[in-house]
Amino acid sequence: MALKKKPVTGMKDILPKEMEIRDYVIGLIKETYGMFGFSSIETPCVEHIESLTNKQGGENEKLIFKILKRGEKLKLDTAECEADLVDSGLRYDLTVPLSRYYANHANELGAPFKALQMGNVWRADRPQRGRFRQFMQCDIDILGEPSILAEIELIQATTTLLGKLGFQKFTIRINNRKLLKAMAAYCGFAEQDYDNVFITLDKMDKIGMEGVEEELLGAGYEKQAVDKCLSFFKTVSNDVEGVRYAKELLGIYLEEGTAEDLETILSMVEDIKTADFNMIFDPTLVRGMGYYTGPIFEIAMDEFGGSVGGGGRYDEMIGKFTGSDTCACGFSIGFERIVMLLLERDFEVPSAAGKKAFLVDKKASPDRLKEVLVLAAKERKAGYKVSINVMKKNKKFQKEQLAKDGYLDIQEFFA
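Think of each chain on its own: its residues are numbered from 1, step by step along the sequence as written. Note on the predicted model: pLDDT of at least 70 is required for a residue's local features to be given, and 80 or more for side-chain atom pairs to be given and counted; whole-chain, interface and lining totals, by contrast, use all residues. In computing side-chain properties, one takes all heavy atoms of the structure into account and sets aside hydrogens as well as water.

(A) Structural view of the overall build of the protein chain. Per the secondary structure count, the protein chain includes 14 helices and 14 strands. By sequence separation, contacts in the protein chain at least 24 residues apart represent 69% of the contacts at least 6 residues apart. Note on areas: Shrake-Rupley, 1.4 Å probe, and residue coverage restricted to the protein chains presented here. Surface summary for the protein chain: the accessible area is close to 21900 Å², and the carbon and sulfur share equals 50%. Only runs of H or I of at least four residues qualify as helices and only runs of E of at least two qualify as strands under DSSP, and these elements are numbered from the N terminus. Residues count as neighbours in contact if any of their non-hydrogen atoms are within 4.5 Å of one another.

(B) Structural view of the sheet that holds strand S13 (residues 385–390). At least two DSSP bridges between two strands are needed for those strands to be called paired. Read from one edge of the open sheet, three strands run S13-S12-S14, paired in parallel fashion. The open sheet has two free edges, formed respectively by S13 and strand S14 (409–413), since each of these has just one partner strand. In this sheet, adjacent strand axes meet at a mean angle of 20° when their direction is disregarded. Pairing between strand S12 (residues 355–360) and S13: six bridges, direction parallel. Counted as the bridge partner of Val 360 is Val 390 from S13. Interaxial angles span 0 to 180 degrees and are taken between N-to-C directions of axes, which are lines fitted to C-alpha atoms, for helices over the stretch in contact.

(C) Here's a closer look at the side chain of Thr 200. Tracing the backbone shows Thr 200 in helix H6 (residues 194–201). Dropping the residues within four chain positions of it, Thr 200 is found in contact with Val 212, Glu 215 and Leu 216.

(D) Structural view of the environment of Met 268. With respect to the secondary-structure elements, Met 268 resides in helix H10 (residues 258–272). Relative accessibility thresholds used throughout: buried, under 20% of the residue-type maximum; exposed, over 50%; partly exposed, between the two (1.4 Å probe, protein chains only). You can call Met 268 partly exposed: its relative accessible area is 35%. Distance from Met 268 to Ser 307, taken between C-alpha atoms, is 23 Å for residues 39 residues apart in sequence.

(E) Quick peek at the environment of Pro 127. Here Pro 127 lies in the loop between strand S5 (113–122) and strand S6 (134–143). Look at Pro 127 and you get partly exposed, because its relative accessible area is 33%. With 116 residues separating them along the chain, Pro 127 and Met 11 place their C-alpha atoms 8.6 Å apart. In this structure Pro 127 touches Thr 9, Gly 10 and Arg 133, once residues within four positions along its chain are discounted.

(F) Structural context of the pattern of salt bridges. Only one rule defines a salt bridge in this text: a Lys or Arg side-chain nitrogen within 4 Å of an Asp or Glu carboxyl oxygen. Applying the stated criterion across every chain, the model contains 29 salt bridges. A salt bridge links Glu 153 to Lys 114, with the nearest nitrogen and oxygen atoms 3.0 Å apart. Remark: Lys 114 occurs in strand S5 and Glu 153 occurs in helix H4 (residues 149–164); sequence separation between them is 39 residues. As a salt-bridge pair, Lys 169 and Asp 276 come within 3.4 Å of each other at their nearest N and O atoms. Taken together, the residues span a long stretch of sequence, with Lys 169 in the loop between H4 and strand S7 (170–176) and Asp 276 in the loop between H10 and strand S8 (277–281) at a distance of 107 residues. With a relative accessible area of 58%, Lys 169 lands in the exposed category. The partly exposed category is assigned to Asp 276, whose relative accessible area is 32%.

(G) Highlighting the nonpolar core. Ranked by internal contacts, the top residues of the largest apolar core, which has 101 residues, are Ile 29, Tyr 33, Phe 189 and Leu 201. In contact with Ile 29, not counting residues within four places along its chain, are Gly 34, Leu 116, Met 118, Cys 138, Leu 161, Ile 333 and Phe 335. We define a nonpolar core as any set of buried Ala, Val, Leu, Ile, Met, Phe, Trp, Tyr and Cys residues linked to one another through side-chain atoms lying within 4.5 Å. Judged by nonpolar contacts, the second largest core, of seven residues, contains Phe 358, Val 360, Ala 364 and Phe 413.

(H) Representation of the packing of helix H5 (residues 177–187) against H6. Taken N-terminus to C-terminus, the directions of H5 and H6 make an angle of 105°; their axes are 11 Å apart at the nearest point. Here H5 lies roughly perpendicular to H6, going by the angle between them. On H6, the residues that touch Arg 177, Leu 180, Lys 181, Met 183, Ala 184 and Ala 185 of H5 are Tyr 194, Asp 195, Phe 198 and Leu 201. For the contact of H5 with H6, the per-class residue count stands at seven nonpolar, no polar and three charged. Roughly parallel refers to an angle under 35 degrees, roughly antiparallel to one over 145, roughly perpendicular to one between 65 and 115, and oblique to any angle outside these ranges. The classification used treats Ala, Val, Leu, Ile, Met, Phe, Trp, Tyr, Cys and Pro as nonpolar, Asp, Glu, Lys and Arg as charged, and all other residues, Gly among them, as polar.

(I) How the structure looks around the packing of H6 against helix H7 (residues 204–218). As a packed pair, H6 and H7 sit with axes 8 Å apart at the nearest point and diverge in direction by 135°. Here H7 runs oblique to H6, going by the angle between their axes. Facing H6, whose interface residues are Val 197, Thr 200 and Leu 201, H7 presents Met 204, Val 212, Glu 215 and Leu 216. Each residue belonging to the contact of H6 with H7 can be placed in one class, and the counts come to five nonpolar, one polar and one charged.

Right under this line is the structure:
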């Protein structure tokens, strides 16, 4: 039986055109984030299963690719449960690995520590447009900074990058987990139900207000609490005035300083932004991860029809490794979705000098071939990308393929 030539479902082969764009975006990420003081780090793709299943990863913990124990440790005949078989798994994001990394190396790192991490992650998800089972993530995190300077810098760095890639009119949505909890308490939901209520609220942009109402009532929540909740969303606006309204309405339920921090982030980012985007307050924004403790944010792009990045503050995650909480805040861009959108735009990687292709007659003498190689070396030194190819019988098709790959300057060298 012939071997399967297609990749495993949810994973993909990457062709040269896309790879060129990916390499360019990675380079621009490192250059841009480096200007903001972020240092590149790397963590293993495999983590201890206890770290991945600490009830902080939300729905993603159901999507872990788990790894069996190896060698003598794997006892299939006596195993009574999954824990007897599994001791590690492929990481589903970069935040849990970063938290472990910082806990392990805190004494060797500065405070605050600004980390840039790029790498593949794996989720046993249902593949769809812009969503894969193996995909690249790109995170920037600031560890050890308790003030909202962290949130402001993360948003500024990320939006600066997107602006350099030519994206415009996108939207940064921001909320605060503390405000969500205050809203739930104000409406009368029981504390143990908060997470389930938030999961439903997060679907607001997909199923609308009526869909949220139907789902909450269907889950058995009191109509009075549901009505109060929806009334809040109907009356609050998406700007600084909306934050002030929420503060006044939620009163004693809202932790002191929460509204003021949101207001400052909104106004400050607007004043210093270097890209063309909108910043709005979105009280329905939840973010799926259970580890968020404060401000949360997300990037929305109309051309994608959904989120292409997000993040927030997670001040309690590192403490699960060290026993002492450390302030932490991060922002992740949807690398795969950004690359997909660039491909759909027929994006061309900028080049100072461009590309040249040299077609050499297959009957060319060694001296003639040497002449071409010397010329190619000279052109490369001048900054050109030069591809040398033996001239094919179907030269017209060969030129078309080279032009498709960006080689518009094609020169022929005959014997």
